[in-house]
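Chains, contacts and geometry: an overview
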Amino acid sequence: MTNSNQLTLAGRRAVVTGGSKGIGRSIALALAKAGADVAVSARNLPDLEAVAAKIQETGQRSLAIACDVTDPEQVQQMAAAVIEGLGEIDILVNNAGNAGSHKFLNHPDDLWHRMLSINLTSVFYVTRAFLPPMIERRWGRIITIASIASKVGMPYIAAYTASKHGVLGLTRSLASELITHQITVNAVCPGYVDTPMTDSNISNIINRTGLTEAQAREALEKTSPQNRLIEPEEVAAVTLMLAQETSKGITGQAINVDGGGVMW
Ligand code: NDP
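Note that the structure is a prediction, hence the values are computed from the model and not measured.

All right, on to the side chain of lysine 151 then. Here lysine 151 shows up in the loop between strand S5 (140-145) and helix H5 (158-178). Aspartate 258 provides the closest opposite charge to the buried, salt-bridge-free lysine 151, at an N-O distance of 8.4 Å. Of note is the side chain of lysine 151, whose polar atom sits 2.9 Å from the side chain of asparagine 256. For lysine 151, the side chain forms a polar contact with the main-chain oxygen of tryptophan 264, separated by 2.7 Å.

In structure tokens form, the structure reads like this:
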């Protein structure tokens, strides 16, 4: 008999975009350890295959599918391959994303479009591709990794912030549209997380300011009242909680994992 307090996803099938590194990799492994079969997707196939092999070590099925989520045709093909390989998906984690920064005054157009495309429009494409079977089967969990930049503004990241605010609007709107279909739609909003994305943020800070690596890292740590970077596993733990059957009453929410910097 299943203990209702246990975190279990036995019999569930999940897909994680951007599942090859950082937060997405941790989420994919956490879902698999809880008993789900997990497909991972990103652009670089060898990175994905390494994660899929790790998932298979847990005894769950896995698939690695290369896909640029900014391209709607590739997204449709990826969804078809995932559904053919694993079956219809119960849990969709929209995690693929990218950060970029620039002063607003001479902000390049291409950076603006790139940020909206990878952080916002891709979530529209991927969710649209996986939603129909969830509606038919009257069960689904759609979880998007947003950011505290979904809730507050910060200097030099206007495009990233606009894209992450947008993804929260999409989350809330879709949550209300899907309430009667027993599908929940939520966002997780991390502060700075210790991932390859943050490593490249640190390199940018070093290049722009001349700070040492330790100083640049400390500057990011200080943005959290806990004076530290969040671990990817902390974001995975919240995602795992939202994927549970017992989280069916939680929808349209945006849960911060940022050490207490943002409290709404
Ligand atoms: P990483 O850069 O460490 O990993 C990003 C993942 O997304 C990789 O698997 C990458 O693989 C994939 N990816 C990037 N671009 C695309 C694309 N066009 N199509 C498909 N896959 C893509 O990032 P994090 O783990 O740090 O971030 C994950 C999410 O969390 C992002 O949405 C980010 O905005 C959000 N976040 C991160 C924070 C942080 O401090 N790190 C803080 C708040 C939110 P590949 O390059 O092979 O495609």
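What follows covers helix H4 (residues 109-137). Its 29 residues place the ends of H4 42 Å apart at the C-alpha level, agreeing with the 42 Å of an ideal helix rising 1.5 Å per residue. Its axis deflected by about 40° at serine 117, H4 carries its strongest bend there. Arginine 138 sits one or two residues past H4 and shows a positive phi near 55°.

This paragraph deals with the environment of valine 51. With respect to the secondary-structure elements, valine 51 resides in helix H2 (residues 45-57). Each C-alpha atom of the pair valine 51 and methionine 197 lies 18 Å from the other, and the pair is 146 residues apart in sequence. Discounting chain neighbours no more than four positions away, the residues touching valine 51 are Gly19, Ser20, Arg25, Ala28 and Val40.

Attention now goes to the site of the ligand. Around the ligand, the surrounding shell holds 28 residues, and the nearest of these are Ser20, Arg43, Tyr160, Val193 and Thr195. Taking tyrosine 160, its side chain carries an N or O atom lying 2.8 Å from an oxygen atom of the ligand. Between an oxygen atom of the ligand and a main-chain N or O atom of valine 193, the distance comes to 2.8 Å. For the ligand, whose accessible area on its own is 880 Å², the fraction buried by protein is 94%. Among the elements of the structure, helix H1 (22-33), H5 and helix H6 (196-209) are those that each provide at least two residues to the shell around the ligand. If you tally residues by element for the shell around the ligand, the top one is H6, at three residues. Taken together, the residues of the shell around the ligand break down into 14 nonpolar, 10 polar and four charged. Shared between two domains, the shell around the ligand holds at least three residues of each, these being domain 1 (13-193 + 231-257) and domain 2 (194-229).

Cut-offs and rules
Residues numbered from 1 in each chain as written. Predicted model: local features only at pLDDT ≥ 70, side-chain atom pairs only at ≥ 80, totals over all residues. Heavy atoms only, no water. Helix = DSSP H or I, 4+ residues; strand = E, 2+ residues; numbered from the N terminus. Buried < 20%, exposed > 50% of the residue type's maximum accessible area, 1.4 Å probe, protein only. Lys, Arg positive; Asp, Glu negative; His and termini not counted. Salt bridge = Lys/Arg side-chain N within 4 Å of Asp/Glu carboxyl O. Polar contact = N/O pair within 3.5 Å; in protein donor to acceptor, adjacent residues only side chain to side chain. Expected span 1.5 Å × (residues − 1). Bend = angle between axes of the 7 residues up to and from the residue. Contact = heavy atoms within 4.5 Å. Near = heavy atom within 4 Å. Areas by Shrake-Rupley, 256 points an atom, 1.4 Å probe, with all protein chains shown as cover. Nonpolar A, V, L, I, M, F, W, Y, C, P; charged D, E, K, R; others polar. Domains from an automatic or database assignment.

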